[in-house]
Amino acid sequence: MAKKKKQSKPTSSKKRFSLRLSKQNKVILGSLMVLLSLALFFSFGSFYFTWQDDQSLLTEFADRNAQAENLLNKFGATVSHFFMYRGFGLASFIFPYLLCITGLYLFLSIELKGLAGKWIWGLVFLIWTSIALGFFASELPLLGGLVGYEMNDFLQDYVGKIGVMLLLLFGLTVIMVRLFKVTPDDIARYIRAKTAKTTPGTVPVSGQGDMESLLADAPEEAPVVVDTYTHKKDIPHLDLEKGHPPTTAAEGEDIQMQVEKIREEKEESDVLSEKLVADFGEFDPTLELPNYKFPHLDLLDAHGSGGGITINQEELEENKNKIVETLKNYKIGIAQIKATIGPTVTLYEIVPEAGIRISKIKNLEDDIALSLAALGIRIIAPIPGKGTIGIEVPNKNASVVSMRSVIASSKFQKAEMQLPIAFGKTISNETFVVDLAKMPHLLMAGATGQGKSVGLNAVLTSLLYKKHPAEVKFVLVDPKKVELTLYNKIERHYLAKLPDTEEAIITDNTKVIHTLNSLCIEMDNRYELLKQAMVRNIKEYNAKFRARKLNPNEGHTFLPYIVLVIDEFADLIMTAGKEVETPIARLAQLARATGIHLIIATQRPSVNVITGIIKANFPARMAFRVTSKIDSRTILDTQGADQLIGRGDMLFTQGNDVTRLQCAFVDTPEVAKITEYIGSQRAYPEAHLLPEYEGEDSGTGVDYDISDRDAMFREAAEVIVTAQQGSASLIQRKLKLGYNRAGRIIDQLEAAGIVGPFEGSKARQVLIPDLVALEQLLENETK
């Protein structure tokens, strides 16, 4: 027995650790938590009324003189900003609830069993609510908080809006069943009870013992539910006004048969309704050209080996040995070296021995080029994201990257982007695809004959292979008059132009200025539509329009992306200067959200062409070979473009790392075949029309005869005076007129003294204050 007692001692000493509080400490801690929950509740509630006033105080917490508008001053402003804005939004009110419940458990000395479950399900409900508010109220980020907004955005990138909605529905089901203990039977009983009380045409049941006995075999709701709204004409009149229901079995069976018939017809009606919702689903902008066929791959040639790379093992070994030997001559030891073979360039990655300075290797660029007898050696020291130094050496036999190979790649075919562009292939022979909508503008530069025009054709070809004519429009500016003429064949499919313009491709500098200002007007009009639709960008606007949530009678329409391509920007700057730079800078700064994107190319990347304003708004830049380090720094803010080998060899950056690419080659006959294929198909009646723009020297001054006025003159005058905004685009939207007719009406309104003279891209001043004054003016004209 003594031995057994000794053995029991070590087991008794291994007790589980537990935090035990005395009753007094539970009261103290519980009261603290309850009071803290109240503080959080008042802070959160006050946040929605004072957050704008308290924004500037978030960084001045230590300043005693600073006072916040929140009910709990700076503490409340800081805590509520953390939970409501940077956290879970409106769902954060669950935190004070959980704190209050926990505090009451402690204060009242209630057993804590089950409290952990409340916290777990409370946090699940908090996260679900935050994501749901971020999904259904994305335009009001304060409701869902930063967590809800970002998690919703993250989920949509992988499963789309429908997927997020299904996940939210599943989460709601779990919460209702596990947290609130709601079952489908409970919901069915609740609906039946409500329907029995509120449905019109209910047969009275008090004092109807005979009726109840007659219909005992009918379904539960048969004696009380009669849909008199839908089937009123099909039901015989039942004389129940005197309180005498039918008393015979035949009459009871007749009523039961009527009810069954009603049910069958109602089910058929529901099926028909569902079928109609399939027929009138989301709006499809491509239905105007329903039989449009995208260009097929056979229109493109498989240049060279069709995108494959031929590996020359002897060349690799020779270059590797020369690099190691050259560095060894300068007492630089190499611990490791490996090669990555690209279509035109091979990247040799080296790991120097310990103690070797990177700058020492960087300074040997010319010596390595001399030993390899190669042009275009570029040293990357170090390679971003790797602990290696890169030496790019051109291949003796470069491979041609065909446009066909990059278009046919799965990376491009499966790209879920708004405006996908396949530029070519990287050093590791991977297809390089980017989204123009996220750039949002592209600056392209390179000396003559280095592949700049081929790069522009690659951009346009990518979009033609991926986007329907209803989804994107091009505004093409070609001062050289020969580079983009092939795209004239797709004018009525993809091009946009000014009204009353014969050719869509712009070659005259005066028309370029008018077109740029017209795009500024288009941008302003689109921002007005975004404002009315309460969305932030064209993607959200078009999604709302596809879902039929925007009324076309209020001026709403599907907005295609507009891509402005300028082939030789330097020539425009030389001839037009500020008249071109100002609208381009405005478009570059503001047009992204409205779906207007710019691609500007130039063969002279000097600072007087690519100014600071232009560079600041073009984070995405593409550089082909240039003649000097200065030009390279002008376009890329770093050297390297002067060391390229030409023939489509280029550097691309989006404001961070510089990537070396081999641009995909698309020849002029291939572009001709693509445009011919598209142009031979059914097209829109005319090219997409931009808003009409009148230069500063235009303006009527012509006094229109009253009899020559437009039939819609009075209606247009009322629209202008009511809105107090004199613009042709407003008349066009409200009265559904063409731009030409709306422009003539504006001229007539100016002649009548209703609106002021032309003021550039701004709306004209309205000279009539209200409709009463307008009526008096028009009456005086008729006298």
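Residues numbered from 1 in each chain as written. Predicted model: local features only at pLDDT ≥ 70, side-chain atom pairs only at ≥ 80, totals over all residues. Heavy atoms only, no water.

The subject of this paragraph is the overall build of the protein chain. Secondary structure summary: the protein chain contains 27 helices and 15 strands in total. In the protein chain, which comprises 783 residues, the share counted as buried stands at 44%. Taking contacts inside the protein chain between residues at least 6 apart in sequence as the whole, the part at least 24 apart equals 67%. Counting only carbon and sulfur atoms, one obtains 56% of the accessible surface of the protein chain, whose full area is about 42400 Å². (Helix = DSSP H or I, 4+ residues; strand = E, 2+ residues; numbered from the N terminus. Buried < 20%, exposed > 50% of the residue type's maximum accessible area, 1.4 Å probe, protein only. Contact = heavy atoms within 4.5 Å. Areas by Shrake-Rupley, 256 points an atom, 1.4 Å probe, with all protein chains shown as cover.)

Using the criterion set out here, one finds 16 aromatic pairs in the structure. A ring pair is formed by Phe44 and Phe83, whose centres lie 5.6 Å apart and whose planes are at 50 degrees; its orientation type is tilted. Taken together, the residues span a long stretch of sequence, with Phe44 in helix H2 (residues 23-54) and Phe83 in helix H3 (residues 73-85) at a distance of 39 residues. According to the relative accessible area criterion, Phe44 is buried, its value standing at 0%. Site record: aromatic cluster; members linked through ring pairs are Phe41, Phe42, Phe44, Phe82, Phe83, Phe88, Phe93 and Phe95. Positioned above the aromatic ring of Phe412 is the side chain of Lys466, whose terminal nitrogen or guanidinium carbon lies 5.3 Å from the ring centre. Its end group placed over the ring of Phe713, Arg709 keeps NZ or CZ at 4.3 Å from the ring centre. (Phe/Tyr/Trp six-rings, centres within 6.5 Å; stacked < 30°, edge-to-face > 60°. Lys NZ or Arg CZ within 6 Å of the ring centre and 35° of its normal.)

A few words on the nonpolar core. The biggest cluster of nonpolar side chains holds 68 residues, and the ones touching the most others in it are Phe423, Phe474 and Phe652. If one sorts the elements of this core by residue count, helix H15 (residues 452-466) sits on top with seven residues. Ignoring sequence-local partners within four residues, the contact set of Phe423 consists of Phe432, Val434, Met439, Leu442, Val459, Met622, Met650, Phe652, Leu661, Gln662, Cys663 and Ala664. Core analysis: the next-biggest nonpolar cluster, separate from the first, contains 41 residues, Ala445, Leu572, Ile573 and Val609 among them. (Core = buried A, V, L, I, M, F, W, Y, C linked by side-chain atoms within 4.5 Å.)

Further remarks concern the environment of Phe125. Along the polypeptide, Phe125 turns up in helix H5 (residues 115-136). Each C-alpha atom of the pair Phe125 and Leu172 lies 8.6 Å from the other, and the pair is 47 residues apart in sequence. Here Phe125 is in contact with Ile94, Ile175 and Leu179, once residues within four sequence places are set aside.

Our next topic: the sheet that holds strand S10 (residues 561-566). Sheet architecture is open: nine strands sit in the order S6-S5-S14-S13-S12-S7-S11-S10-S8, paired in mixed fashion. Strand pairing shows two members of the sheet lacking a second neighbour, strand S6 (431-435) and strand S8 (472-477), which therefore form its edges. Each neighbouring strand pair of the sheet contributes to a mean axis angle of 30 degrees, computed without reference to strand direction. As paired strands, strand S13 (residues 649-653) and strand S14 (residues 658-663) are joined by five bridges and run antiparallel to one another. Residue pairing across strands places Met650 opposite Leu661, the latter belonging to S14. Across the sheet, helix H22 (residues 629-636) touches strand S7 (442-445), strand S12 (620-623) and S13, and the angle it forms with S12 is around 155 degrees. (Pairing = 2+ DSSP bridges. Axes fitted to C-alpha atoms, helices over the stretch in contact; angles between N-to-C directions.)

Here we take up unusual backbone geometry. Backbone phi values are negative for most residues with the exception of glycine, while trans is the configuration of most peptide bonds. For the bond running from Met439 to Pro440, omega is -5 degrees, close enough to zero to count as cis. The phi angle at Lys481 is positive, at roughly 70 degrees, despite the residue not being glycine. Mapped onto the secondary structure, Lys481 falls in the loop between S8 and helix H16 (491-494). Residue Asp500 is not a glycine yet carries a positive backbone phi of 60 degrees.

For residues with low pLDDT, the predicted coordinates do not support detailed interpretation. In the predicted model, the protein chain carries a mean pLDDT of 80, and 83% of its residues have values of at least 70. The low-confidence segment residues 1-18, where pLDDT is below 50, has zero contacts with residues more than four positions distant or belonging to other chains. Every residue in residues 199-247 is under pLDDT 50, and counting partners more than four places away or in other chains gives 52 contacts. (pLDDT = per-residue confidence, 0-100.)

Right, let's talk about H2 for a bit. For H2, built from 32 residues, the straight-helix expectation of 46 Å at 1.5 Å per residue is missed by more than 12%, its first-to-last C-alpha distance being only 41 Å. The set of residues buried in H2 consists of Gly30, Met33, Val34, Ser37, Ala39, Leu40, Ser43, Phe44, Ser46, Phe47, Thr50 and Asp54. (Expected span 1.5 Å × (residues − 1).)

Both faces of S7 are covered, namely the face carrying Leu442 and Met444 and the face carrying Leu443 and Ala445. The pairing of S7 with strand S11 (residues 596-602) spans four bridges and is parallel. Considered in S11, the bridge of Met444 is made with Ala601.

Let us look at the side chain of Arg733. Tracing the sequence through the fold places Arg733 in helix H25 (residues 728-735). Buried charge Arg733 goes without a salt bridge, the closest partner of opposite sign being Glu528 at 5.5 Å. Apart from residues lying up to four places away in sequence, Arg733 is in contact with Asn525, Glu528, Leu529 and Gly555. (Lys, Arg positive; Asp, Glu negative; His and termini not counted. Salt bridge = Lys/Arg side-chain N within 4 Å of Asp/Glu carboxyl O.)

Below, the discussion takes up the pattern of salt bridges. What the rule picks out here adds up to 23 salt bridges. The partner of Lys320 in a salt bridge is Glu317, with the nearest N and O atoms 3.4 Å apart. Pair noted here: Lys320 and Glu317 are both in helix H10 (residues 313-329), with a separation of three residues, about one helical turn. Overall, the relative accessible area of 26% leaves Lys320 in the partly exposed class. Classification of Glu317 as partly exposed rests on a relative accessible area of 35%.

To continue, consider the packing of helix H19 (residues 569-576) against helix H20 (residues 578-590). With their axes 7 Å apart at the nearest point, H19 and H20 run at an angle of 120 degrees to one another. One way to sum up the angle between H19 and H20 is to call them oblique. Note on element contacts: H20 touches H19 through Lys578, Glu579, Val580, Glu581 and Ile584, opposite Phe569, Leu572, Ile573 and Ala576. Looking at the contact of H19 with H20, its residues break down into six nonpolar, no polar and three charged. (Parallel < 35°, antiparallel > 145°, perpendicular 65-115°, else oblique. Nonpolar A, V, L, I, M, F, W, Y, C, P; charged D, E, K, R; others polar.)

Mapping Glu471 onto the fold places it in the loop between H15 and S8. For the pair Glu471 and Leu419, spaced 52 residues apart in sequence, the C-alpha to C-alpha distance is 9.6 Å. Apart from residues no more than four positions distant in its own chain, Glu471 is found in contact with Arg546, Pro560 and Tyr561.

The strand order S1-S2-S4-S3 describes an open sheet built from four strands, whose pairing is antiparallel. Edge strands, defined here as strands with exactly one partner in the open sheet, are strand S1 (334-341) and strand S3 (378-380). Pairs of neighbouring strands in the sheet enclose a mean axial angle of 20 degrees, with direction left out of account. Note: strand S2 (residues 345-352) against strand S4 (residues 389-394), six bridges, orientation antiparallel. In the strand pairing of S4, Glu349 is matched with Gly390. Sheet strands in contact with H10 are S1, S2 and S4, and its direction is about 40 degrees off that of S2.

What follows is about a positive patch on the surface. On the surface, Lys161, Lys438, Lys539, Lys549 and Arg592 cluster together to form a positively charged patch. With respect to the element layout, Lys549 can be found in the loop between helix H18 (538-546) and S10. (Patch = residues over 30% accessible without salt bridge, like charges linked within 9 Å, V, L, I, M, F, W, Y side chains within 5 Å. Charge placed at Lys NZ, Arg CZ, Asp CG, Glu CD.)

What follows is about a nonpolar patch on the surface. Where nonpolar side chains cluster on the molecular surface, the patch consists of Val27, Leu104, Phe107, Leu108 and Ile110 and spans about 400 Å² of accessible area. Inspection of the secondary structure assignment puts Val27 in helix H2. Val27 gets classed as partly exposed once you look at its relative accessible area, which sits at 30%.

What follows is about the packing of helix H4 (residues 94-107) against H5. Two elements in contact, H4 and H5, have axes separated by 10 Å at closest approach and are oriented at 175 degrees. If you check the angle between H4 and H5, you find them roughly antiparallel. Side by side, H4 and H5 meet where Ile94, Phe95, Leu98, Leu99, Ile101, Thr102 and Tyr105 of the first sit next to Leu115, Lys118, Trp119, Gly122, Leu123, Phe125 and Leu126 of the second. By residue class, the composition of the contact of H4 with H5 is 11 nonpolar, two polar and one charged.

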